[in-house]
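Take a look at the letters that make up each chain.
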Amino acid sequence: MFTLGSNSLNGNERDTLFRNNGDGTFTDVAYVNNADRVEDGRGVVIFDYDQDGRPDIALRNYNQPAQLLHNVGSEGHWLELKLIGTRSNGDAIGAHVTLMSSGLRQMREVHAGSGYLSGSSLIQHFGLGPRTHIDSLTVRWPSGAQTTLTDLFADEQLVLREDEQRAVPVKVWRHPE
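Residues numbered from 1 in each chain as written. Predicted model: local features only at pLDDT ≥ 70, side-chain atom pairs only at ≥ 80, totals over all residues. Heavy atoms only, no water.

K.L.:
Before we go on, may I ask you to explain the overall build of the protein chain in this structure?
P.N.:
A count of helical and extended segments in the protein chain gives zero helices and 19 strands. Across its three principal directions, the C-alpha atoms of the protein chain cover 60 × 35 × 30 Å. Sorting the 177 residues of the protein chain into buried and exposed places 32% on the buried side. Considering only intrachain contacts with a sequence separation of at least 6, the fraction spanning at least 24 residues in the protein chain is 45%. Counting only carbon and sulfur atoms, one obtains 52% of the accessible surface of the protein chain, whose full area is about 10,800 Å². With 16 positive and 23 negative side-chain charges, the protein chain shows a spacing of 3 Å between the two charge centroids. (Helix = DSSP H or I, 4+ residues; strand = E, 2+ residues; numbered from the N terminus. Buried < 20%, exposed > 50% of the residue type's maximum accessible area, 1.4 Å probe, protein only. Contact = heavy atoms within 4.5 Å. Areas by Shrake-Rupley, 256 points an atom, 1.4 Å probe, with all protein chains shown as cover. Lys, Arg positive; Asp, Glu negative; His and termini not counted. Charge placed at Lys NZ, Arg CZ, Asp CG, Glu CD.)

The structure is reproduced here in structure tokens:
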């Protein structure tokens, strides 16, 4: 990396934050949410640090302390899911999760990295908006096994083990013993 003065030649660009409009388009809402910083970004992690169902953002910039952007936006309904592999790898890396709720379909893939100098939360977050009921949640495990759960409710943190047919609600995220 080359530096000139106190700044890197690699960055100092305005950060963006995109809101999914639900119709295949996105809107940059960084300015509205005070996230349009001009910094030399190195890493970003999205995770629910205070476990309130709203994803927060941790930023790491060149030659600066890490920063936490705490999400205090309007509350919608959500579901968070932690998968534990038994036949697959323990963190269920590579698992595919599909959630169906009143016509809404969302998909997630469990992965361990999200970009340069960044990691990903292994907890899968689903924003549900006004929906309070999940019709089905299907997990395709890396081993090839499949688990389908039905009749779930929003605003819960759940743990699902590969060898189980029901998810266990949790109050605080921690690895089960």
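K.L.:
Explain the environment of F126 here, please?
P.N.:
Position of F126 relative to the elements: it lies in strand β15 (residues 123-129). C-alpha separation for the pair F126 and N20, spaced 106 residues apart in sequence, amounts to 13 Å. The residues contacting F126, other than those within four sequence positions of it, are H77, W78, L79, V97, L99, Q106, R108 and L137.

K.L.:
Explain the sheet that holds strand β8 (residues 56-61) to me, please; I cannot follow it from the model alone.
P.N.:
The pairing of strands in a sheet comes from backbone hydrogen bonds and takes either a parallel or an antiparallel form. With antiparallel pairing, the three strands of this open sheet are ordered in space as β7-β8-β9. Every other strand in the sheet has two partners, leaving β7 (41-47) and β9 (67-69) as the edge strands with one partner each. When strand polarity is set aside, the average angle formed by the axes of neighbouring strands in this sheet is 20 degrees. Note: β8 against β9, three bridges, orientation antiparallel. Bridge pairing in β9 links L59 to Q67. (Pairing = 2+ DSSP bridges. Axes fitted to C-alpha atoms, helices over the stretch in contact; angles between N-to-C directions.)

K.L.:
What exactly am I supposed to notice about the sheet that holds strand β12 (residues 104-109) here?
P.N.:
Strand order in the open sheet made by the four strands is β12-β11-β16-β17, with antiparallel pairing throughout. The open sheet has two edge strands with one neighbour each: β12 and β17 (146-153). Across the sheet, the mean angle separating the axes of adjacent strands is 15 degrees when strand polarity is ignored. Note that strand β11 (residues 96-101) and β12 share six bridges and pair antiparallel. By the bridge assignment for β12, V97 is matched with R108.

K.L.:
Which parts of the structure should I look at to understand a nonpolar patch on the surface?
P.N.:
A cluster of nonpolar side chains, contributed by F47, Y49 and L68, occupies part of the molecular surface with about 260 Å² of accessible area. Within the fold, F47 resides in strand β7. (Patch = residues over 30% accessible without salt bridge, like charges linked within 9 Å, V, L, I, M, F, W, Y side chains within 5 Å. Salt bridge = Lys/Arg side-chain N within 4 Å of Asp/Glu carboxyl O.)

K.L.:
Teacher, can you tell me more about unusual backbone geometry here?
P.N.:
Apart from glycine, the bulk of residues carry a negative phi angle, and the bulk of peptide bonds sit in the trans form. With a phi close to 60 degrees, A92 is a non-glycine residue in the positive phi region. The residue A92 is located in the loop between β10 (77-84) and β11 in this model. Although it is not a glycine, S102 adopts a positive phi angle of roughly 50 degrees. With respect to the secondary-structure elements, S102 resides in the loop between β11 and β12.

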